[in-house]
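Analysis of the macromolecular model
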Amino acid sequence: MWCLPIYDSSQACTCVCEFCCNCQGVSVVPEDFVAEQLKSVLSDMQVDVVKTGMLPSIGIVKVLSQGLREFPVRALVVDPVMVSTSGDVLAGPSILAGFREQLLPIADIVTPNLKEASALLGGQQLETVADMRSAAKLLHDMGPQNVLVKGGDLPDSLDAVDIFFDGKDFHELRSLRIKTCNTHGTGCSLASCIAAELAKGSSMLPAVKVAKHYIETALDYSKDIAIGNGPQGPFDHLLRLKSYVQNSCRQVGFNPSDLFLYAVTDSRMNKKWGHSITDAVKAAIDGGATIIQLREKDAETQDFLEAAKACLKICHSHGVPLLINDRIDVALACDADGVHVGQSDMPARVARTLLGPDKVIGVSCKTPEQAHQAWIDGADYIGCGGVYPTNTKENNLTVGLDGLKTVCVASKLPVVAIGGIGASNASSVMEIGVPNLKGVAVVSALFDRECILTETRKLHAILTESMSMQRT
Ligand SMILES: Cc1ncc(COP(=O)(O)OP(=O)(O)O)c(N)n1
Ligand SMILES: Cc1ncsc1CCOP(=O)(O)O
Ligand SMILES: [Mg+2]
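Residues numbered from 1 in each chain as written. Chains lettered and ligands numbered in written order. Predicted model: local features only at pLDDT ≥ 70, side-chain atom pairs only at ≥ 80, totals over all residues. Heavy atoms only, no water.

Moving on to the pairing of strand S13 (residues 338-341). The side chains of a regular strand alternate between both faces of the sheet. Along S13, one buried face is formed by Gly 338 and His 340 and the opposite face, lined by Val 339 and Val 341, is buried too. As paired elements, strand S12 (residues 322-325) and S13 share three bridges and run parallel to each other. Within S13, the position partnered with Leu 323 by the bridge is Gly 338. Regarding topology, helix H12 (residues 328-334) serves as the crossover connection from S12 to the parallel S13, and that connection is right-handed. (Buried < 20%, exposed > 50% of the residue type's maximum accessible area, 1.4 Å probe, protein only. Helix = DSSP H or I, 4+ residues; strand = E, 2+ residues; numbered from the N terminus. Pairing = 2+ DSSP bridges. Right-handed = clockwise from strand over helix to strand, strands pointing away.)

Set out below in structure tokens:
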């Protein structure tokens with residue numbers, strides 16, 4: 001059950017607040033109802049992460065901490081919502097003791113803003129980064145594994161500085177201070193994003209960094225939005241979706257249906273048949289290939305780069321993405337659409353850091369564990385195989401159709417099957433009938449042939465037929 005990995009306990013009250021500036025009313029949900037709701041969710045499925053928001057009564061704090069002791073979760077993110085950015089006190093002093101004694105000791109991270117950190121520390125003034133460090137240390141002494149003191153309200157600071165303390169090291173996390181009135185919901189969103197990253201399997205500091213980067217980007221994106229008449233507005237969670245729509249003439253992001261007929265080139269085969277790489281790529285595209293990978297194991301770097309640039313032109317003039325096998329440097333140098341890496345190549349999480357969020361990353365996986373790791377590392381798809389024996393890759397273990405199915409069922413990413421696949425067996429592969437198997441990746445059945453165009457057309461027709469059979 002991985003589709004609902006987080007439970008947000010802030011449904012414990014309903015708050016009537018407008019973006020204008022203040023909170024106009026709070027309706028507290030009865031404690032026993034919150035207890036029932038908690039039990040209902042936590043006993044029904046293995047919840048990975050709980051994030052708390054506004055907790056309006058000491059009774060509800062108790063109910064929550066009891067629920068979490070009875071049904072432990074992998075991580076608890078405590079956003080001690082007490083004082084809003086607009087200055088409203090959202091939880092009375094009686095809650096403070098509840099936070100200190102019941103929630104902080106079991107929290108994996110607590111994320112107070114300056115006012116909340118000050119309230120938790122009995123009213124201590126926090127005005128400098130040095131104050132934030134000592135507050136983080138004092139809060140850590142109350143029991144949480146990690147503390148993030150948010151310095152958004154720090155006076156006279158050009159950057160938005162947050163202090164992260166894990167009990168050993170301090171990290172000063174800086175991002176640009178975005179000039180905007182649209183800050184409604186930033187704290188809740190930061191904590192929720194940390195929780196979501198933890199649920200995806202991230203460790204704490206990377207989760208906090210991703211969340212902080214997300215908040216900075218979303219604030220920047222929404223800085224000029226005008227909604228309602230009040231002085232404070234919402235920040236915009238949907239920036240990725242909007243930039244996708246705005247750039248719809250360009251393919252932004254990854255479309256899993258591109259994996260349908262994945263043509264992987266091979267320098268030795270092209271040499272054997274006297275095909276130039278550009279002619280080979282063009283023929284594959286004309287035959288219906290939906291994505292191309294340049295797998296040039298023998299090429300010198302400079303030749304590889306020149307070939308990649310030429311192929312990229314051809315691919316883009318046909319709206320087909322081009323990925324580079326193994327070589328992140330070549331992909332970066334020619335601005336390819338992405339890379340494909342194997343288990344002993346550059347790790348996908350490093351490739352993601354180097355290539356940024358918009359490039360496509362594929363990872364070879366033979367097991368559910370590798371598929372899970374690929375997802376955590378930020379890959380877009382996995383290549384699973386060899387499904388059948390192959391002469392193209394030496395010493396490659398065969399997983400068979402059963403191994404392919406096991407990986408597909410476990411994978412949260414779309415899958416392309418590879419290894420020994422061609423016209424004679426492509427239908428059997430697609431017919432294993434798992435929805436995230438999106439296509440086949442093929443080397444020799446396309447490129448170790450005299451006429452690449454004919455072979456690609458043939459395979460395309462077979463795949464199309466097999467997909468239409470599955471739909472009926
Ligand atoms: C789509 C796709 N799947 C798997 C592979 C194999 O990658 P890797 O395991 O790194 O082996 P090499 O191709 O580098 O020899 C792939 N290339 N493409
Ligand atoms: C690169 C690779 N990875 C797993 S099998 C394989 C080779 C696929 O080549 P072919 O399609 O010729 O079997
Ligand atoms: Mg490789």
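Coordination of the magnesium ion (ligand 3) by the protein comes from Asp 326 (OD) and Asp 345 (OD), over a distance range of 2.0 to 2.1 Å. On the criterion of sequence distance, the pair formed by Asp 326 in the loop between S12 and H12 and Asp 345 in the loop between S13 and helix H13 (348-355) is long-range, its members being 19 residues apart. Under the relative-accessibility criterion, Asp 345 is labelled partly exposed at 26%. (Donors = N, O, S within 2.8 Å, 3.2 Å for Na, K, Ca; no water.)

Moving on to the pattern of salt bridges. If you walk through the whole model with that rule in mind, you get 17 salt bridges. For the salt bridge of Asp 380 with Arg 352, the shortest nitrogen-to-oxygen distance reads 2.9 Å. One end of the pair, Asp 380, is in the loop between helix H14 (368-376) and strand S15 (381-385); the other, Arg 352, is in helix H13, and 28 residues separate them in sequence. With a relative accessible area of 19%, Asp 380 lands in the buried category. The closest approach of N and O atoms between Lys 458 and Glu 455, which form a salt bridge, is 3.5 Å. One end of the pair is Lys 458 and the other is Glu 455, both in helix H18 (residues 452-471) and three residues apart, which spans about a single turn. One connected set of salt bridges, linked through shared partners, spans Arg 133, Glu 172 and Arg 174. (Salt bridge = Lys/Arg side-chain N within 4 Å of Asp/Glu carboxyl O.)

Another point: the packing of aromatic side chains. Under the criterion given, the structure shown has three aromatic pairs. Each ring, one from Phe 165 and one from Phe 170, has its centre 4.1 Å from the other, and the planes form 20 degrees; the classification is stacked. By relative accessible area, Phe 170 is classed as partly exposed at 29%. A centroid spacing of 5.9 Å and a plane angle of 65 degrees characterise the contact between Tyr 262 and Tyr 381, whose relative ring orientation is edge-to-face. Here Tyr 381 lies in strand S15 and Tyr 262 lies in strand S10 (residues 261-264), a separation of 119 residues in the sequence. With respect to class, Tyr 262 is no different from Tyr 381; both count as buried. Each residue in the set Phe 254, Tyr 262 and Tyr 381 is aromatic and connected to the rest through ring pairs, giving one cluster. In this structure, Lys 412 packs its charged tip against the face of Trp 375, placed 3.9 Å from the ring centre. (Phe/Tyr/Trp six-rings, centres within 6.5 Å; stacked < 30°, edge-to-face > 60°. Lys NZ or Arg CZ within 6 Å of the ring centre and 35° of its normal.)

Its location among the elements puts Thr 186 in helix H6 (residues 186-199). Separated by 34 residues in sequence, Thr 186 and Gly 152 have C-alpha atoms that sit 9.8 Å apart. Contact partners of Thr 186, with chain neighbours within four places excluded, come to Ile 215, Leu 219 and Phe 235. (Contact = heavy atoms within 4.5 Å.)

In the neighbourhood of ligand 1, 16 residues make up the surrounding shell, with Gln 293, Arg 295, Lys 297, Asp 345 and Ser 364 lying closest. Between Gln 293 and ligand 1, the recorded distance is 3.0 Å, taken from a side-chain N or O atom to a nitrogen atom. Between ligand 1 and the protein, one listed contact pairs an oxygen atom with a backbone N or O atom of Gly 342 at 3.1 Å. In the complex, the protein chains occlude 90% of the 420 Å² of accessible area that ligand 1 would expose alone. When residues of the shell around ligand 1 are traced back to their parent elements, those giving at least two are S13 and strand S16 (415-418). Each residue belonging to the shell around ligand 1 can be placed in one class, and the counts come to five nonpolar, six polar and five charged. (Near = heavy atom within 4 Å. Polar contact = N/O pair within 3.5 Å; in protein donor to acceptor, adjacent residues only side chain to side chain. Areas by Shrake-Rupley, 256 points an atom, 1.4 Å probe, with all protein chains shown as cover. Nonpolar A, V, L, I, M, F, W, Y, C, P; charged D, E, K, R; others polar.)

Attention now moves to the nonpolar core. If you look at the biggest cluster of nonpolar residues, it comprises 76 residues, and the most contacted ones within it are Ile 292, Leu 294, Ile 324, Leu 404 and Leu 437. Sorting elements by how many residues they give to this core places helix H11 (residues 301-317) first, with eight residues. If sequence neighbours within four positions are ignored, Leu 437 has contacts with Leu 404, Cys 408, Val 415, Val 416, Ala 417, Val 429, Met 430 and Ile 432. In this structure, Met 45, Val 47, Val 149 and Leu 154 belong to the second largest nonpolar core, which totals 38 residues. (Core = buried A, V, L, I, M, F, W, Y, C linked by side-chain atoms within 4.5 Å.)

Low-pLDDT portions of the prediction should not be read for the details of their coordinates. Mean pLDDT over the protein chain works out to 88, with 89% of the residues at or above the 70 mark. In the model, residues 1-5 has pLDDT below 50 throughout and makes seven contacts with residues more than four positions away in sequence or in other chains. Scored below 50 in pLDDT, residues 15-21 shows 23 contacts in the model against residues more than four places distant or in partner chains. (pLDDT = per-residue confidence, 0-100.)

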